[in-house]
Amino acid sequence: MIQTQSFSVNQPTKILFGVNAVNQLSDTIAELNGHRVFLVADPGLKQSGIIKKVADILDLAKIPHTVYDKVTPEPGLKLADQAVKLAKKNKSDCVVGLGGGSALDIAKAVSILLTNSGKAEDYLGLGKIKLQGVPKIMIPTTAGTGAEVTFTAVFINEKTNSKGGMNGDPLYPDAAILDPALTLSLPPHVTAATGIDAFTHALEAFVSTQAHVISDMYALEAISLISNNLGVAYANGSNLEARSAMLMGSLLGGKALATAGVGLVHAMAYPLGGMFNTAHGLANAVLLPYVVEYNIIGNTEKFATVAQIMGYETEGLPLREAAQLAVEAIHQLNADVGIPSSLADLNIPADRIAEMARIALTVTRPVENNPRKPTEEDVISVYEAAFNGAF
Ligand SMILES: NC(=O)c1ccc[n+]([C@@H]2O[C@H](COP(=O)([O-])OP(=O)(O)OC[C@H]3O[C@@H](n4cnc5c(N)ncnc54)[C@H](O)[C@@H]3O)[C@@H](O)[C@H]2O)c1
Ligand SMILES: [Fe+2]
């Protein structure tokens, strides 16, 4: 397809990928001129021994560090402010984020709040961050958010019970270290939900109104890697090849989302996180097939391509039928990895759907990127279909 659209692409994050890549952390810190490290992680990573592994690497290189391991899933703005306070007290000049998107997002916020004044809340929105942060290095331990290469950090605003992001170039990490061995300890249900989140980034970027040749390249490869490997990683978590493919898929999904944006699935998942604390990946996963069904007419050709990449025979079929197979493929992928098939299964109350729909439509950029422009009635209908599990 010839592109008539103009676009700009910013890819500033250095990527180190491979089994044992984490051993390159000390050299990477030195390259970035970091001296006193603030290591951000969560309690789950302490239990799995991952924090100790990374702290040992820093000890070996005699790099002073403070460990902040209090990150909770779907973190709030207050947590970011608390972490910054400690980082300032310890005169940290380099931040390492270790964990899933929750830890990485706190780490990204700490980096920029060490140089920009004020509180985390002041930087919600697009383009509000004026100064570069201190050097930041991200080490993802879920194959999910792609936050190691995005310019976003997402938080729950405790005042409004809504989810929102800080967005801006200073949030791009300086380096991302992706070591598939660090994802071997992910339990199956987290593998599933985070894996479908990564798939959703790729899919929503692929059909986004902002998509272009470069974002499509990332998205298509991510869709292929994730759809071929998520089942294996879920069924046998110690399969390093599948774990590597998933981590590469989530990295490319992150690149796709950073270049073309996400869409209605993410906009509709945000109220579930803000109002009911539903895990981000799980909320996306349950909504995904219903939103795709709704979106099909917005870009039939691309959804047919998705079905084909996911292994469905589309040759000779009318385009609309081929595209419909994408819904079937996604439904099957979800079922294979134990994702519940309805919002009712997540105990989301039906009588809050109208409120959720109003909030979802305020998540402006993903709504604008969506291949079909949704009305409030449309969003209510999609939530209702997802609530009833109506395929
Ligand atoms: N910044 C971005 O670009 C971006 C993109 C998408 C989502 N997000 C945000 O990221 C957050 C979700 O991140 P997530 O889905 O990665 O989940 P998470 O970071 O909340 O982690 C989920 C759970 O997995 C555990 N865990 C992580 N790695 C593990 C490992 N290797 N072994 C054992 N347990 C492990 C954690 O302890 C935690 O309990 C949400 O707040 C979401 O909004 C950010
Ligand atoms: Fe996401």
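Here is what the cut-offs are and how they apply
- Residues numbered from 1 in each chain as written.
- Chains lettered and ligands numbered in written order.
- Predicted model: local features only at pLDDT ≥ 70, side-chain atom pairs only at ≥ 80, totals over all residues.
- Heavy atoms only, no water.
- Core = buried A, V, L, I, M, F, W, Y, C linked by side-chain atoms within 4.5 Å.
- Buried < 20%, exposed > 50% of the residue type's maximum accessible area, 1.4 Å probe, protein only.
- Helix = DSSP H or I, 4+ residues; strand = E, 2+ residues; numbered from the N terminus.
- Domains from an automatic or database assignment.
- Contact = heavy atoms within 4.5 Å.
- Phe/Tyr/Trp six-rings, centres within 6.5 Å; stacked < 30°, edge-to-face > 60°.
- Lys NZ or Arg CZ within 6 Å of the ring centre and 35° of its normal.
- 1 Å grid on protein atoms, 1.4 Å probe; cavity = no way out; pocket = protein on both sides within 12 Å on 5 of 7 lines; lining within 4 Å.
- Points joined across faces, edges and corners; volume = space filled by probe spheres on them.
- Donors = N, O, S within 2.8 Å, 3.2 Å for Na, K, Ca; no water.
- Tetrahedral: all angles 85-135°; square planar, octahedral: opposite > 155°, others 65-115°.
- Near = heavy atom within 4 Å.
- Polar contact = N/O pair within 3.5 Å; in protein donor to acceptor, adjacent residues only side chain to side chain.
- Areas by Shrake-Rupley, 256 points an atom, 1.4 Å probe, with all protein chains shown as cover.
- Nonpolar A, V, L, I, M, F, W, Y, C, P; charged D, E, K, R; others polar.
- Axes fitted to C-alpha atoms, helices over the stretch in contact; angles between N-to-C directions.
- Parallel < 35°, antiparallel > 145°, perpendicular 65-115°, else oblique.
- Left-handed = near helix turned anticlockwise from the far one by under 90°.
- Buried area = accessible area lost by both parts, 1.4 Å probe.
- Salt bridge = Lys/Arg side-chain N within 4 Å of Asp/Glu carboxyl O.

1. A few points about the nonpolar core
Inside soluble globular proteins, nonpolar side chains tend to come together where they are buried. Core analysis: the biggest nonpolar cluster contains 76 residues, and Phe199, Leu203, Met268, Leu287, Leu343 and Tyr383 have the highest contact counts within it. No other element matches the nine residues that helix H10 (residues 280-295) contributes to this core. Counting contributing residues, this core receives three or more from each of domain 1 (14-183) and domain 2 (188-388). Setting aside residues up to four positions removed in sequence, Tyr383 forms contacts with Met268, Pro271, Leu287, Leu343, Ile353, Met356, Ala357 and Ala360. Tyr68, Leu79, Ile106 and Phe155 belong to the second-largest nonpolar core, a separate cluster that totals 31 residues.

2. What to know about the packing of aromatic side chains
Using the criterion set out here, one finds two aromatic pairs in the structure. The interplanar angle of 25° and the centroid separation of 6.0 Å between the aromatic rings of Phe38 and Tyr68 together place this pair among those described as stacked. Residue Phe38 is located in strand S2 (residues 37-40), and its partner Tyr68 is located in strand S3 (residues 65-68); the two are separated by 30 residues in the primary sequence. Here Phe38 falls in the buried class, since its relative accessible area comes to 0%. Between the aromatic rings of Phe151 and Tyr172, the centroid separation amounts to 5.6 Å while the plane-to-plane angle is 50°, which identifies the pairing as tilted. Remark: Tyr172 occurs in the loop between strand S8 (162-167) and strand S9 (175-178) and Phe151 occurs in the loop between strand S6 (136-140) and strand S7 (152-157); sequence separation between them is 21 residues. Taking the relative accessible area as the measure of exposure, Tyr172 reaches 7% and is therefore buried. For the cation-ring pair, Lys302 lies above Phe206, with the distance from its terminal atom to the ring centre recorded as 4.5 Å.

3. Some words on the layout of surface pockets
Empty space left among the atoms is revealed by rolling a probe the size of a water molecule over them. A volume near 270 Å³ is recorded for the second largest pocket. Lining the second largest pocket are 14 residues, with Leu77, Lys78, Asp81, Lys119 and Glu121 positioned closest to its centre. Broken down by element, the lining of the second largest pocket gets its largest block of residues, seven residues, from helix H4 (residues 77-89).

4. Here's the deal with the coordination of the iron ion (ligand 2)
Surrounding the iron ion (ligand 2) are the protein donor atoms Asp197 (OD), His201 (NE2), His266 (NE2) and His280 (NE2), which sit 2.1 to 2.2 Å from the metal. Given four donor atoms and angles of 86 to 166° at the metal, the environment of the iron ion (ligand 2) is assigned as irregular. Written as a sequence motif, the donor residues of the iron ion (ligand 2) are D-x3-H-x64-H-x13-H. Note that His266 is positioned in helix H9 (residues 264-276) and His280 in helix H10, a separation of 14 residues in sequence.

5. Digging into the site of ligand 1
Contacts to ligand 1 come from 29 residues, most closely from Asp42, Ser102, Asp105, Thr141 and Thr150. The side chain of Thr150 places a nitrogen or oxygen atom 2.6 Å from an oxygen atom of ligand 1. Within the side chain of Lys163, an N or O atom sits 2.8 Å from an oxygen atom of ligand 1. Coverage of ligand 1 by the protein amounts to 90% of the 880 Å² it exposes when considered alone. Secondary structure elements with two or more residues in the shell around ligand 1: helix H2 (43-47), helix H5 (101-113), S7 and helix H6 (188-206). A class-by-class count of the residues in the shell around ligand 1 yields ten nonpolar, 13 polar and six charged. No fewer than three residues from each of domain 1 (14-183) and domain 2 (188-388) sit in the shell around ligand 1.

6. Section: the side chain of Asp216
Assignment of secondary structure puts Asp216 in helix H7 (residues 213-235). Non-local contacts of Asp216, meaning those with residues more than four positions away in its chain, are made with Phe206, Ala211 and Lys302.

7. Let's talk about the packing of helix H13 (residues 353-360) against helix H15 (residues 376-388)
Taken N-terminus to C-terminus, the directions of H13 and H15 make an angle of 125°; their axes are 9 Å apart at the nearest point. Here H15 runs oblique to H13, going by the angle between their axes. Regarding H13 and H15, the two cross each other, and that crossing is right-handed. In contact with Ile353, Ala354, Met356, Ala357, Arg358 and Ala360 of H13, H15 contributes Glu376, Val379, Ile380, Tyr383, Glu384 and Phe387. Across the contact of H13 with H15, the residue classes tally to nine nonpolar, no polar and three charged.

8. Notes on unusual backbone geometry
Phi at Lys62 is positive, roughly 55°, even though this residue is not glycine. Structurally, Lys62 can be placed in the loop between helix H3 (50-60) and S3. At Asn347, a residue that is not glycine, the phi angle is positive and equals roughly 65°. Following the sequence through the fold, Asn347 ends up in the loop between helix H12 (319-336) and H13.

9. Focus: the domain arrangement of the protein
It is common to report an interface's size as the accessible area lost on association of the parts. As assigned here, the protein comprises domain 1 (14-183) and domain 2 (188-388). Its C-alpha centre places domain 1 at a distance of 26 Å from the equivalent point of domain 2. Taken residue by residue, the interface counts 27 residues in domain 1 and 27 residues in domain 2. Both sides together, the interface formed by domain 1 and domain 2 hides about 2,200 Å², and carbon and sulfur atoms give 67% of it. On the domain 1 side of the interface with domain 2, the three residues burying the most area are Phe17, Ala143 and Lys163, jointly 23% of the side's total. Between the two partners, domain 1 and domain 2, sit zero salt bridges. Every element with two or more residues in the side of domain 1 that touches domain 2 is listed here: strand S1 (14-17), S7 and S8.

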